[in-house]
Amino acid sequence: MLRVIGSVGLSWVKAHAGYPGNELADQHAKLATKVGENLDIPAPYSFLKRCLKQFVLENWQTYWDDSGTGVRVREYVPKVNFNLLTHNTLTSKS
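Criteria and thresholds
The residue numbering used here restarts from 1 in each chain and proceeds along that chain's sequence as written. Local features in this predicted model are restricted to residues whose pLDDT is 70 or higher, and side-chain atom pairs enter the listing and the counts only when it is 80 or higher, whereas totals over whole chains, interfaces and linings include all residues. Water and hydrogen atoms were dropped before computing side-chain values, which therefore reflect all heavy atoms in the structure. What counts as a helix is a DSSP run of H or I of at least four residues, what counts as a strand is a run of E of at least two, and both are numbered from the N terminus. In what follows, residue pairs with any heavy atoms lying within 4.5 Å of each other are defined as contacts. In these tables, accessible area is a Shrake-Rupley quantity obtained with a 1.4 Å probe, and a residue counts as shielded only by the protein chains included in the view. To pair, rings of Phe, Tyr and Trp, with the six-membered ring standing in for Trp, must have centres within 6.5 Å; the planes then decide the type, stacked if under 30 degrees apart, edge-to-face if over 60, and tilted in the middle. Relative accessibility decides the category of a residue: with a 1.4 Å probe and only protein chains considered, values under 20% of the type maximum give buried, values over 50% give exposed, and everything between is partly exposed. Charge-over-ring contacts are defined here by two conditions on Lys NZ or Arg CZ: a distance within 6 Å of the ring centre and an angle within 35 degrees of the ring normal. Like-charged residues within 9 Å of one another, or nonpolar side chains (Val, Leu, Ile, Met, Phe, Trp, Tyr) within 5 Å, are grouped into patches, provided each residue has over 30% relative accessible area and no salt bridge. A side-chain nitrogen of Lys or Arg and a carboxyl oxygen of Asp or Glu constitute a salt bridge if their distance falls within 4 Å. Within a predicted model, pLDDT stands for the predictor's per-residue confidence, ranging from 0 to 100.

This paragraph deals with the overall build of the chain. Secondary structure summary: the chain contains three helices and zero strands in total. Reading the helices (α) and strands (β) of the chain from amino to carboxyl end gives α-α-α. At a minimum sequence separation of 6, the contacts of the chain that also span at least 24 residues come to 29%. With an accessible surface of roughly 9100 Å², the chain has 60% of that area assigned to carbon and sulfur atoms.

The full count for this structure, using the stated rule, is one aromatic pair. When the centroid spacing of 6.1 Å and the interplanar angle of 45° are considered together, the rings of Trp-60 and Phe-82 count as tilted. With Trp-60 in helix α2 (residues 45-66) and Phe-82 in the segment after α3 (71-76), this residue pair connects regions lying 22 residues apart in the sequence. Residue Trp-60 is classed as partly exposed on the basis of its relative accessible area of 23%. Overall, Phe-82 belongs to the buried group, its relative accessible area being 13%. Directly above the ring of Trp-64 sits Arg-74, whose terminal nitrogen or CZ lies 4.9 Å from the centroid.

All right, on to a nonpolar patch on the surface then. On the surface, a cluster of nonpolar side chains totalling about 280 Å² of accessible area is made up of Leu-52, Phe-55 and Val-56. With respect to the element layout, Val-56 can be found in helix α2.

Let us now look at the confidence of the model for the chain. Atomic detail in the predicted coordinates should be set aside for any region of low pLDDT. Here the chain averages 78 in pLDDT, and 72% of its residues register 70 or above. Here helix α1 (residues 20-35) stands out as the least confident element of the chain, with mean pLDDT 80; α2 is the most confident, with 92.

Another point: the pattern of salt bridges. Taken as a whole and judged by the stated rule, the model has one salt bridge. Asp-26 serves as the salt-bridge partner of Lys-30, at 3.6 Å between the closest nitrogen and oxygen. On the criterion of helical spacing, the pair formed by Lys-30 and Asp-26 is a turn pair, its members being four residues apart in helix α1.

Right, let's talk about the environment of Leu-84 for a bit. Here Leu-84 is to be found in the segment after α3. According to the relative accessible area criterion, Leu-84 is partly exposed, its value standing at 48%. Sequence-distant contacts of Leu-84, that is, excluding residues within four places in its chain, are made with Val-77 and Lys-79.

Right, dumping it as structure tokens:
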């Protein structure tokens, strides 16, 4: 029994064949893909926050690379980082 832990098996099961309830569900699923309505599911807050952080970081890096000021600092800090900010409302935990 101890050797089985961590083992994974995969097999194909013919689920809808011959079962009236499953056949009906299959028909409705196929119908929904053809004439059904779109269902918009909002993205989770964590996903949106991650996308926003990435967008801000990329734009900040572009601004940092193209800026004519801070040449000496750029030698020590070539890449921007949210940890460099002294006041950071975007990444602060609230």
